[in-house]
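Coordinate analysis (summary)
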Amino acid sequence: MAYANLIVETRDHVGLVKLNRPDALNALNQDLLTELGEALAKFDADDKIRCIVLTGSAKAFAAGADIKEMSDKTAPEMFKLDFFAEGCRAIERTRTPIIAAVAGYALGGGCELAMLCDFILAADTAKFGQPEINLGVIPGMGGTQRLTLAVGKAKAMEMCLSGRFMTAEEAERSGLVSRVIPADKLLDEALAVAAKIADKSPLATMAAKEAVNRAFETNLTEGVMFERRLFHGLFASEDQKEGMAAFIEKREPQFRGR
Ligand code: CAA
C-alpha cells in the first residue's frame, strides 16, 4: 500500500518505516500519524514481520508536531482531535519490537515518537530536544514523562524548561539511546540489529518487550512476578523446546513463533 507521508518496505522479516515529509522535516501532522498507525498495525498483524525499524531522513527523524497545522487550534479542538494520543497508542499497542533509528533532529513530538519505540539507535548527527517551551506550550506526546524516566529529572527538567538540545553523545551517556553510530552506517546497523532480533522466537521477544515495559508501570515485586509468569509461559512454546535443544545439539535454532 502506498502512503503519502511514509515509505514502507520489508527486508525479509524486518519491516522498515521511513517518515517522509522532507519539506517539513517530517513534522508529525494528522495524516502522517494516521498512516503510521496503519503501517504499524499491518506489520504487527503480519506473522512474517518480527521487528520494525522506524527512521526519518539524514536531516530529521522528525522536527516535532506540525506547528503550522496546530497553530490556530483552540483547546476544545485539540481536546477532540485525538490524533496525537492515537498516534502514541498505535505505537504502544504494537507488540512487534520497534527500533527508532534517529539521525538529525528528533525534537518535540519527534523525540517523543523515538522514545515511544522500544529503543533508540542514534546517528552521531542526532539532536534530541523538547523545545515546545519556545512555542508557549509543553510536550504533548509523553515527553515530560518518558524523557524523565530515561535521563532523570535534572536533564529532563532542563531540556523541557529551556528547550536545550542534547547531542547524540550526551544522549548515550544519559541513557536515552542505546548506541551512537556513524550517520552513514545508521540504517544498515539498525536493519542488522533488527534482523538479529527477527531471528529470535517472536514469542520470546514480545514477552521480553512486555516485561521490560512493565518496569515503568509497576513496583519491583509485581514486575518480577509478571516476568516470572511470562518466563514460565514460554515453556509451553515449541520455540523454547527448539531453542534449548539447539543449544544442547550445538546448532542454530529455527524459531517458528509457536
Ligand atoms: N512543524 C511544521 N513545520 C516544520 C516544523 C514543525 N515542527 N519543523 C520544521 N518545519 C518546516 C519549516 O517551517 C520549514 O518549512 P518552510 O521551508 O516552508 O519554511 C522546513 O520545515 C525547514 O525547516 P527550517 O527552515 O526551520 O530548517 P532549519 O534547518 O533552519 O531548522 C529546526 C531546523 C531547528 C528543526 C527548525 O525547523 C525548528 O526549530 N523546528 C521546530 C522544532 C519544534 O519546535 N518542535 C516542537 C513542535 S511542538 C510539539 O512537538 C508538540 C508535541 O509535543 C506534541
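To start, this report covers the structure provided alongside it. (Residues numbered from 1 in each chain as written. Predicted model: local features only at pLDDT ≥ 70, side-chain atom pairs only at ≥ 80, totals over all residues. Heavy atoms only, no water.)

**Concerning the packing of helix H5 (residues 109-116) against helix H6 (residues 143-151)**
Relative to each other, H5 and H6 sit at 55°, their axes nearing to 10 Å. It follows from the interaxial angle that H5 and H6 lie oblique. Where H5 crosses over H6, the handedness of that crossing is left-handed. When H5 is examined against H6, the residues Glu112, Met115 and Leu116 are found in contact with a partner set consisting of Gly143, Arg146 and Leu147. Looking at the contact of H5 with H6, its residues break down into three nonpolar, one polar and two charged. (Axes fitted to C-alpha atoms, helices over the stretch in contact; angles between N-to-C directions. Helix = DSSP H or I, 4+ residues; strand = E, 2+ residues; numbered from the N terminus. Parallel < 35°, antiparallel > 145°, perpendicular 65-115°, else oblique. Left-handed = near helix turned anticlockwise from the far one by under 90°. Contact = heavy atoms within 4.5 Å. Nonpolar A, V, L, I, M, F, W, Y, C, P; charged D, E, K, R; others polar.)

**With respect to the pairing of strand E7 (residues 119-123)**
E7 sits mainly inside the fold: four of its five residues count as buried. In this structure, strand E5 (residues 98-102) lies alongside E7, joined through four bridges in parallel fashion. In the sheet register, Ala100 faces E7, and the bridge partner there is Ile120. Alignment of E7 against strand E10 (residues 179-181), held across three bridges, turns out to be parallel. Residue pairing for E10: Ala123 is matched across the bridge by Ile181. (Buried < 20%, exposed > 50% of the residue type's maximum accessible area, 1.4 Å probe, protein only. Pairing = 2+ DSSP bridges.)

**As for the site of the ligand**
For the ligand, the set of nearby residues contains 23 residues, the closest of which are Lys59, Ala65, Gly109, Glu112 and Glu132. Take Lys59: an N or O atom from its side chain is 2.7 Å from an oxygen atom of the ligand. The contact in question runs from an oxygen atom of the ligand to an N or O atom on the side chain of Glu132, over 2.7 Å. At the level of secondary structure, the elements contributing two or more residues to the shell around the ligand comprise helix H2 (67-70), strand E6 (105-107) and H5. Here the shell around the ligand is built from residues that sort into 13 nonpolar, four polar and six charged. (Near = heavy atom within 4 Å. Polar contact = N/O pair within 3.5 Å; in protein donor to acceptor, adjacent residues only side chain to side chain.)

**So, the packing of helix H1 (residues 30-45) against helix H4 (residues 83-92)**
The N-to-C vectors of H1 and H4 enclose an angle of 20°; their axes lie 9 Å apart at closest approach. In terms of axis orientation, H1 runs roughly parallel to H4. Crossing handedness for the pair H1 and H4: left-handed. Across from Gln30, Leu33, Leu36, Gly37 and Leu40 in H1, the residues of H4 making contact are Phe83, Phe84, Ala90 and Ile91. A per-class count over the contact of H1 with H4 returns seven nonpolar, two polar and no charged.

**Considerations on the sheet that holds strand E1 (residues 6-11)**
The strand order across the open sheet formed by six strands is E1-E2-E3-E5-E7-E10, and the pairing between neighbours is mixed. A strand with exactly one partner marks an edge of an open sheet, and here the two such strands are E1 and E10. Along the sheet, successive strands turn relative to each other by an average axial angle of 20°, direction set aside. Bridge count between strand E3 (residues 51-55) and E5: four bridges; the pairing is parallel.

**Considering the side chain of Arg21**
Turning to its location among the elements, Arg21 is positioned in the loop between strand E2 (14-19) and H1. Residue classification places Arg21 among the buried residues on the basis of a relative accessible area of 18%. Look past the residues within four positions of Arg21 in its chain and what remains in contact with it is Asn5, Asn26, Ala27, Asn29, Leu32 and Asp66.

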